Amino acid sequence: MTRHTVALSSALSDYLFDIAVAEHPVQRELREFTAGHRLAKMQISPDQGQFMGWLARLIGARRYLEIGVFTGYSALTVALAMPEDGQVVACDVSETFTAIAREYWAKAGVAARIDLRLQPALSTLRELLDDGRAGSFDLAFIDADKPSYRDYYEACLELVRPGGVIAIDNIFLSGRVVEPKPEDPPGVHLVHAFNASLKADPRVHMCVLPIGDGLTLCTRR
């Protein structure tokens, strides 16, 4: 029995892509466009996108909540995986980044399924709760500003139905969470503490996947 997941060399990573990633043509086009962006590292990896689409289909997701959109690859991926009556609420603050997202969502024919809310995500989450949307989402994805992860998670616990899934991205922060240094940004220390708290949270069942920059999955009890 091995204690460690196999490290991905460049060759093995390419092999994984070849055997495991099947993208819609517009997904591929958006991913390749974003690869040239100065903040390209903010986009999820294609194998993580493949997993998100698979997960949405596995749980029969019809209502998806996304916190942090960037150029729209993850929202596009899940929207394509849902049935035609599926609905996405996508939270972001950047008109510039999400203008790119809107273009590709329209090109893929899923724009009508995506309700983009351009304001601080916590404001949108409060509005959803005030509108009686508690327990109405099947899947939520947190991939935004790290200092707010705890607040996003607590809101998602109210908004996601029992048995629904909350996925939390970038929980490794490129390895900086292992031993945060005093000079690290506050977000590193907050994510370190947040990660440590989830294993004992009685409200969820959780697991961590070493995919992309680390992905935690929590199923609401």
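Preceding block: the structure.
Computed from a predicted model, the values in this text were never measured in an experiment.

Visitor: Can you walk me through the pattern of salt bridges in this structure?
Guide: Where charged atoms from two side chains of opposite charge approach closely, those side chains can pair. Within the structure shown, the criterion is met by 10 salt bridges. Close ionic contact of Asp115 with Arg117 constitutes a salt bridge, the shortest N to O distance being 2.8 Å. In this structure, the salt-bridge partner of Asp201 is Arg203, at a minimum N-O distance of 2.9 Å. By relative accessible area, Asp201 is classed as buried at 8%. Owing to a relative accessible area of 35%, Arg203 belongs among the partly exposed residues under this scheme.

Visitor: What exactly am I supposed to notice about the nonpolar core here?
Guide: Across soluble globular proteins, nonpolar side chains show a tendency to be buried alongside one another. Ranked by internal contacts, the top residues of the largest apolar core, which has 34 residues, are Tyr64, Trp105 and Leu139. Not counting the four nearest positions on each side in its chain, Tyr64 is found in contact with Met52, Ser74, Ala75, Val78, Met82, Gln87, Val88, Val89, Phe137, Leu139, Ala140 and Phe141. Core analysis: the next-biggest nonpolar cluster, separate from the first, contains 26 residues, Leu65, Phe137, Ala140 and Cys156 among them.

Visitor: Can you help me understand the pairing of strand 7 (residues 215–220) in this one?
Guide: Strand residues, when the strand is regular, have side chains that alternate between the two faces of the sheet. Where strand 5 (residues 160–169) and strand 7 come together, five bridges link them in antiparallel fashion. Among the inter-strand pairings, Ile166 is bridged to a residue of strand 7, identified as Cys218. Taken together, the six bridges between strand 6 (residues 204–209) and strand 7 define a ladder with antiparallel strand orientation. Looking across to strand 7, one finds that Val204 is bridged to Arg220.

Visitor: For this particular structure, what's the right way to read the packing of aromatic side chains?
Guide: Two descriptors summarise a pair of aromatic rings, namely the distance from one centre to the other and the angle between the planes of the rings. Scanning all chains against the criterion turns up five aromatic pairs. An angle of 80 degrees between the planes, with centres 5.1 Å apart, marks the rings of Phe70 and Phe97 as edge-to-face. Remark: Phe97 occurs in helix 5 (residues 95–108) and Phe70 occurs in the loop between strand 1 (63–67) and helix 4 (73–81); sequence separation between them is 27 residues. Phe97 carries the same exposure label as Phe70, and that label is buried.

Visitor: Teacher, can you tell me more about the packing of helix 6 (residues 121–130) against helix 7 (residues 149–159) here?
Guide: Each pair of packed helices can be described by the angle between their axes along with the distance between the axes. Direction vectors running N to C along helix 6 and helix 7 enclose 20 degrees, while the axes themselves pass 10 Å from each other. As far as their axial angle goes, helix 7 and helix 6 are roughly parallel. Helix-helix and strand crossings are classified by hand; for helix 6 and helix 7 the assignment is left-handed. Residues Ala121, Leu122, Leu125, Leu128 and Leu129 of helix 6 form the contact with helix 7, whose own contacting residues are Asp151, Tyr152, Ala155, Glu158 and Leu159. Of the residues that constitute the contact of helix 6 with helix 7, the class distribution is eight nonpolar, no polar and two charged.

Here is what the cut-offs are and how they apply
Residues numbered from 1 in each chain as written. Predicted model: local features only at pLDDT ≥ 70, side-chain atom pairs only at ≥ 80, totals over all residues. Heavy atoms only, no water. Salt bridge = Lys/Arg side-chain N within 4 Å of Asp/Glu carboxyl O. Buried < 20%, exposed > 50% of the residue type's maximum accessible area, 1.4 Å probe, protein only. Core = buried A, V, L, I, M, F, W, Y, C linked by side-chain atoms within 4.5 Å. Contact = heavy atoms within 4.5 Å. Pairing = 2+ DSSP bridges. Helix = DSSP H or I, 4+ residues; strand = E, 2+ residues; numbered from the N terminus. Phe/Tyr/Trp six-rings, centres within 6.5 Å; stacked < 30°, edge-to-face > 60°. Axes fitted to C-alpha atoms, helices over the stretch in contact; angles between N-to-C directions. Parallel < 35°, antiparallel > 145°, perpendicular 65-115°, else oblique. Left-handed = near helix turned anticlockwise from the far one by under 90°. Nonpolar A, V, L, I, M, F, W, Y, C, P; charged D, E, K, R; others polar.

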